[in-house]
Amino acid sequence: MRVFLRFLLVFPIFFVSNVFAQDIASKIQSQYETLQAFETEFEQILTNAATKEQEKRYGRIYFKKPGLIRWETTSPEPELLIVGQDVVWDYFADEEIAYKYSAQKVLSSRTMIRFISGQANLKEDFVIENQGMDQGLIKLKLIPKKPEPNLVLAYIWVDEKSYLLKKVLLVDFFGNGNEVKLISLKLNPVLENSLFQFHPPEGVQVQENE
């Protein structure tokens, strides 16, 4: 009887929390559907689960519909990631090498790019749990319905007024963390298409990946 009574007490709280999480997810999707472009600084923290070592990266992200992305890392070493309509470029200037991928292949996986640009389908792809408020932001736990090696768990932090993502944490099968915090987010700036184009400089080795 005590177990049953405890269930009756906990179930309404769980149900209300789950409904709240679903409602927030709907508002996030709706906000990103109306968003045409954004520009933001970012701080990225990569955590190695085995050694506990962390690497911090800094730079700037540009996004423009229907799916153009320029992810420019400036520190600790330069890296330029360009997501176009058909092709993705990952360019390392110091190493003079550029990797070329199919955009469809990259975006079909639940990568950080899909989260940051609002292309991840939260309600369809994840079980969503409300984690309450954390440092003034709504925190949601996302459990993939179909886990992949590069994503078995995720957390997102959302502004309670704009319903835009402020921070994302992805955890892979090995427990490694990929956290990105968005800073000074600018909505709907005028971004030229040329910003999302890349032409390998002379002398740069191009490695194509199907």
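These figures come from a predicted structure and were not determined experimentally.

> Got a sec to walk through the pairing of strand β7 (residues 126–134)? Specific residues and values, please.
Bridge count for β7 against strand β8 (residues 137–144) is seven bridges, and the pairing is antiparallel. Within β8, the position partnered with asparagine 130 by the bridge is leucine 140. Between β7 and the antiparallel strand that follows it, β8, lie two residues; glutamine 135 among them carries a positive phi value of about 55 degrees.

> Break down the packing of aromatic side chains for me, with residues and values.
Under the counting rule described, the total for this entry stands at eight aromatic pairs. Here the aromatic rings of phenylalanine 42 and tryptophan 71 are separated by 5.2 Å at their centres, their planes lie at 50 degrees, and the arrangement is tilted. Taken together, the residues span a long stretch of sequence, with phenylalanine 42 in strand β1 (residues 37–47) and tryptophan 71 in strand β3 (residues 68–75) at a distance of 29 residues. Ring geometry for phenylalanine 115 against phenylalanine 126: centres 5.8 Å apart, planes inclined by 55 degrees, an arrangement best described as tilted. Remark: phenylalanine 126 occurs in strand β7 and phenylalanine 115 occurs in helix α3 (residues 112–116); sequence separation between them is 11 residues. On the basis of relative accessible area, phenylalanine 115 is assigned to the buried category, the value being 2%. In textbook terms, an aromatic cluster arises when at least three aromatic residues are bridged by ring pairs, as seen for Trp89, Tyr91 and Phe198. Residue placement shows lysine 139 over the ring face of tyrosine 155; its charged tip is 4.9 Å from the ring centre. It is lysine 167 that lies over the ring of tryptophan 157; its NZ or CZ is 4.2 Å from the centre.

> Give a detailed account of the pattern of salt bridges, specifying residues and quantitative values.
On inspection of all chains with the given rule, the structure shows six salt bridges. A salt bridge links arginine 70 to glutamate 72, with the shortest nitrogen-to-oxygen separation between them at 3.1 Å. Exposure remark for arginine 70: the relative accessible area of 15% places this residue in the buried category. One network of salt bridges, with partners in common, ties together Glu39, Glu41 and Arg60.

> Report on unusual backbone geometry, specifying residues and quantitative values.
Here the amide bond leading from lysine 65 into proline 66 is cis, since omega sits at 15 degrees, within 30 degrees of zero. Its location among the elements puts proline 66 in the loop between β2 (54–64) and β3. A cis geometry characterises the amide bond from serine 75 onward to proline 76, with omega recorded as 10 degrees. With a phi angle near 50 degrees, asparagine 188 is a residue other than glycine that sits in the positive phi range.

> A description of the confidence of the model for the protein should follow, citing residues and the corresponding values.
When the pLDDT values of the protein are averaged, the result is 86; 88% of them are 70 or greater. Here residues 1–17 scores under 50 on pLDDT; set against residues more than four positions off or in separate chains, the count is two contacts.

> Requested: an account of the sheet that holds strand β5 (residues 87–92), with residues and values cited.
Taking strand neighbours across the sheet as the criterion, the 12 strands line up as β7-β8-β9-β10-β11-β1-β2-β3-β4-β5-β6-β12 in an open arrangement whose pairing is mixed. Strands with a single pairing partner mark the edges of an open sheet, and in this sheet they are β7 and β12 (205–209). The sheet shows a mean angle of 20 degrees between the axes of neighbouring strands, taken without regard to direction.

So, how was this worked out
Residues numbered from 1 in each chain as written. Predicted model: local features only at pLDDT ≥ 70, side-chain atom pairs only at ≥ 80, totals over all residues. Heavy atoms only, no water. Pairing = 2+ DSSP bridges. Helix = DSSP H or I, 4+ residues; strand = E, 2+ residues; numbered from the N terminus. Phe/Tyr/Trp six-rings, centres within 6.5 Å; stacked < 30°, edge-to-face > 60°. Buried < 20%, exposed > 50% of the residue type's maximum accessible area, 1.4 Å probe, protein only. Lys NZ or Arg CZ within 6 Å of the ring centre and 35° of its normal. Salt bridge = Lys/Arg side-chain N within 4 Å of Asp/Glu carboxyl O. pLDDT = per-residue confidence, 0-100. Contact = heavy atoms within 4.5 Å. Axes fitted to C-alpha atoms, helices over the stretch in contact; angles between N-to-C directions.

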